[in-house]
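Descriptive structure summary
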Amino acid sequence: MSLGSVNILGVIKNRLIETIQHIEHTKNAIKSVRFRADRQEAIINTLNNILDAALNELLNEIKLLEVIENHFQSPSDIPEEKLVNVVKQVIEFRSKSITERIDYLLYIVNRIIKEECSSEIYSFVNYYWWYLIKQLNTSQTLSNNIRMPLFVIVKSAITGTVPLTELVEQILGFKCNFSYDLWIIECPLRAERYPLEWPIILHEVIHILHETMLNIVSRYYIRAPADTPEGRRYSHSLEYLCDFLATQLIGPIYPLRIKDFYFMGEYEISLTHPPWTERLKVLNEYFSELFQKIGYDVKSQIEVFLNEHYKPPEFTRPDRLEDILNEAVKMLNININVSFDVKELEYAIQRLSKFNPYTKDMTALFNAAYIITHIKGFDDEIKRYFEGNEQKLLSEFFYLISDCVRLCYVRHLFERFLSQDQ
């Protein structure tokens, strides 16, 4: 066995052993993490299962190297130079590929460990998530073979969702049969500190609900590559559906934030998505009655914006969009045009404008907070207290809203507990 062959095998083994050590370090780090997400133990077990799957692949690769090493050590009719070239191919096409893929996987897991968002955002997301699950249960659409997904919310530069367990199987290249489906919701750094941007996260929550439980769009269109007409109809329909259900859940603050995102330019969307203005136009058509009922210039804000900025999109709306939205309404048995409580909204505005906490209803809380900031509707005594320092006033107001979100969710949990007890 030549010295060159020994060196090549040593390089491969060292690279694999270093990656194994990184995995072990990450597994140890998980032991000391207290996740803010619900079902913490299940999340920890799933992350450990992911790391174990990666670890097993590395150990199998080391066994393969030992087989190659035995070839070098045993008498062979194969020329030494040819064997060395074979080992070089292992370096280029196997070892490097494996370590790079697992390094990427470790990067994702470490983001979950170190970049988790605040507990208040979880309170917001969980409030609506469990409402949706309750609606599904009452319509008896949940079957026994549907697994309840796990999700963690992490800080990011963009808004999005990542099906982590599915991605892990793509990275590793084989089926892992994890006990749970684990999803990552990515939350922009700015949004974490600014509660009025949290409604846009509901869009991502509904993506998870659709992919794991609803599966409506696939009944009408084939999930094809996004650059094909069929793929575009599928992806556009899904985006419209997530916007539609987010508005059903949280009311006009969702389309109003879409309007603001357009001006801010901070939330870019893929070319495969419908343009912001078309998405807003769809919501205005379906929720016109709601926007009119609420008042506070909501309807005119949206319509003035559309009159100034709307241009017909390059691609027409999917022809089965109306059927898709109607099926979602039927499955979830919700109609915000009927159920939105304007009196409750007025009560929330009354309290929050005086910096009094409001914790009864999350939807009323967020719409009231948006309306107060939009019309600068703070109580005169509050304005005098902050002596015209609008930045400090808003900073304290958003802190109040964050705390109200937490208390609202606690109240919701308590009511759920009492209803289960009866």
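First, a word on what this report is: a plain description of the structure on this page. (Residues numbered from 1 in each chain as written. Predicted model: local features only at pLDDT ≥ 70, side-chain atom pairs only at ≥ 80, totals over all residues. Heavy atoms only, no water.)

1. Some details on the overall build of the protein
Secondary structure assignment for the protein yields 18 helices and three strands. Put simply, the protein has 422 residues, and 50% of those count as buried. The contacts of the protein with a sequence gap of at least 6 include a subset with a gap of at least 24, amounting to 78%. Surface accessibility of the protein: about 21,000 Å² in total, with carbon and sulfur atoms responsible for 49%. (Helix = DSSP H or I, 4+ residues; strand = E, 2+ residues; numbered from the N terminus. Buried < 20%, exposed > 50% of the residue type's maximum accessible area, 1.4 Å probe, protein only. Contact = heavy atoms within 4.5 Å. Areas by Shrake-Rupley, 256 points an atom, 1.4 Å probe, with all protein chains shown as cover.)

2. Observations regarding helix H16 (residues 362–375)
With 14 residues, H16 ought to run about 20 Å at 1.5 Å a step, and its terminal C-alpha atoms sit 20 Å apart, in line with that. Counted residue by residue, H16 has twelve buried out of 14 residues, so it is predominantly covered. Residues of H16 that are buried include every one of Met362, Thr363, Ala364, Leu365, Phe366, Asn367, Ala368, Ala369, Tyr370, Ile371, Ile372 and Thr373, and no others. The distance from a side-chain oxygen at the start of H16 to the backbone nitrogen of threonine 363 is 3.2 Å, and the residue carrying that oxygen is aspartate 361. At the C-terminal side of H16, lysine 376 shows a positive phi close to 50 degrees. (Expected span 1.5 Å × (residues − 1). Polar contact = N/O pair within 3.5 Å; in protein donor to acceptor, adjacent residues only side chain to side chain.)

3. Quick look at the state of the cysteines
For the coordinates displayed, the defined rule picks out zero disulfides. Looking at cysteine 187, it has no disulfide partner, and the nearest cysteine sulfur is the one in cysteine 117, 4.2 Å off. (Disulfide = S-S within 2.5 Å.)

4. Side note on the pattern of salt bridges
Scanning the entire structure with this criterion turns up 22 salt bridges. In this structure, glutamate 327 and arginine 219 form a salt bridge, with 2.1 Å as the shortest nitrogen-oxygen distance. Here glutamate 327 is found in helix H13 (residues 321–332), whereas its partner arginine 219 is found in the loop between helix H7 (199–214) and helix H8 (229–250), with 108 residues between them in sequence. For arginine 219, a relative accessible area of 47% gives the class partly exposed. Two residues, aspartate 243 and arginine 279, come together in a salt bridge whose shortest N-O distance is 2.6 Å. On the criterion of sequence distance, the pair formed by aspartate 243 in helix H8 and arginine 279 in helix H10 (residues 276–286) is long-range, its members being 36 residues apart. Each member of the pair, aspartate 243 together with arginine 279, is buried. One network of salt bridges, in which partners are shared, links Arg190, Glu197, Arg257, Lys259 and Asp260. (Salt bridge = Lys/Arg side-chain N within 4 Å of Asp/Glu carboxyl O.)

5. Description of the pairing of strand S3 (residues 182–188)
With seven of seven residues buried, S3 lies mostly within the body of the structure. What you see with S3 is no split at all: Leu182, Ile184, Glu186 and Pro188 on one side and Trp183, Ile185 and Cys187 on the other are buried throughout. Looking at chain direction, strand S1 (residues 150–156) and S3 are connected through seven bridges and run parallel. If you follow serine 156 over to S3, its bridge partner there is proline 188. As defined by bridge partners, strand S2 (residues 160–163) adjoins S3 across four bridges and the pair is classed as antiparallel. In the strand pairing of S3, valine 162 is matched with isoleucine 184. (Pairing = 2+ DSSP bridges.)

6. Here's the deal with the packing of H8 against H13
Interhelical geometry of H8 versus H13 gives an angle of 40 degrees and a closest axis separation of 10 Å. In terms of orientation, H8 lies oblique with respect to H13. Regarding H8 and H13, the two cross each other, and that crossing is right-handed. Only Leu321, Ile324, Leu325, Ala328, Val329 and Leu332 of H13 make contact with H8, whose side of the interface consists of Ser237, Tyr240, Leu241, Phe244, Leu245 and Gln248. By residue class, the composition of the contact of H8 with H13 is ten nonpolar, two polar and no charged. (Axes fitted to C-alpha atoms, helices over the stretch in contact; angles between N-to-C directions. Parallel < 35°, antiparallel > 145°, perpendicular 65-115°, else oblique. Left-handed = near helix turned anticlockwise from the far one by under 90°. Nonpolar A, V, L, I, M, F, W, Y, C, P; charged D, E, K, R; others polar.)

7. Some thoughts on a nonpolar patch on the surface
A cluster of nonpolar side chains, contributed by Phe414, Phe417 and Leu418, occupies part of the molecular surface with about 310 Å² of accessible area. Judged by relative accessible area, which is 52%, phenylalanine 414 ranks as exposed. (Patch = residues over 30% accessible without salt bridge, like charges linked within 9 Å, V, L, I, M, F, W, Y side chains within 5 Å.)

8. Comments concerning the side chain of threonine 247
As for its position among the elements, threonine 247 is in helix H8. Owing to a relative accessible area of 0%, threonine 247 belongs among the buried residues under this scheme. A polar contact is formed between the side chain of threonine 247 and the backbone oxygen of aspartate 243, at a distance of 3.0 Å.

9. Side note on unusual backbone geometry
The phi angle at aspartate 297 is positive, at roughly 70 degrees, despite the residue not being glycine. Looking at where aspartate 297 falls in the secondary structure, it is placed in the loop between helix H11 (288–294) and helix H12 (298–309). Owing to a relative accessible area of 46%, aspartate 297 belongs among the partly exposed residues under this scheme. Even without being a glycine, lysine 376 presents a positive backbone phi close to 50 degrees. Overall, the relative accessible area of 47% leaves lysine 376 in the partly exposed class.

10. Here's the deal with the packing of aromatic side chains
Enumeration over the complete set of coordinates arrives at 17 aromatic pairs. Between the aromatic rings of phenylalanine 124 and tyrosine 128, the centroid separation amounts to 5.4 Å while the plane-to-plane angle is 65 degrees, which identifies the pairing as edge-to-face. Taken as a pair, phenylalanine 124 and tyrosine 128 lie in helix H4 (residues 119–138) at a separation of four residues, close to a single helical turn. The interplanar angle of 75 degrees and the centroid separation of 5.1 Å between the aromatic rings of tyrosine 127 and tyrosine 128 together place this pair among those described as edge-to-face. Classification of tyrosine 127 by relative accessible area gives buried; the value is 12%. Overall, the relative accessible area of 2% leaves tyrosine 128 in the buried class. Following the ring pairs from residue to residue traces out a cluster consisting of Tyr194, Phe355, Phe378, Tyr385, Phe386, Phe397 and Phe398. Positioned over the ring face of phenylalanine 315 is arginine 232, at 3.8 Å from the centre of the ring. (Phe/Tyr/Trp six-rings, centres within 6.5 Å; stacked < 30°, edge-to-face > 60°. Lys NZ or Arg CZ within 6 Å of the ring centre and 35° of its normal.)

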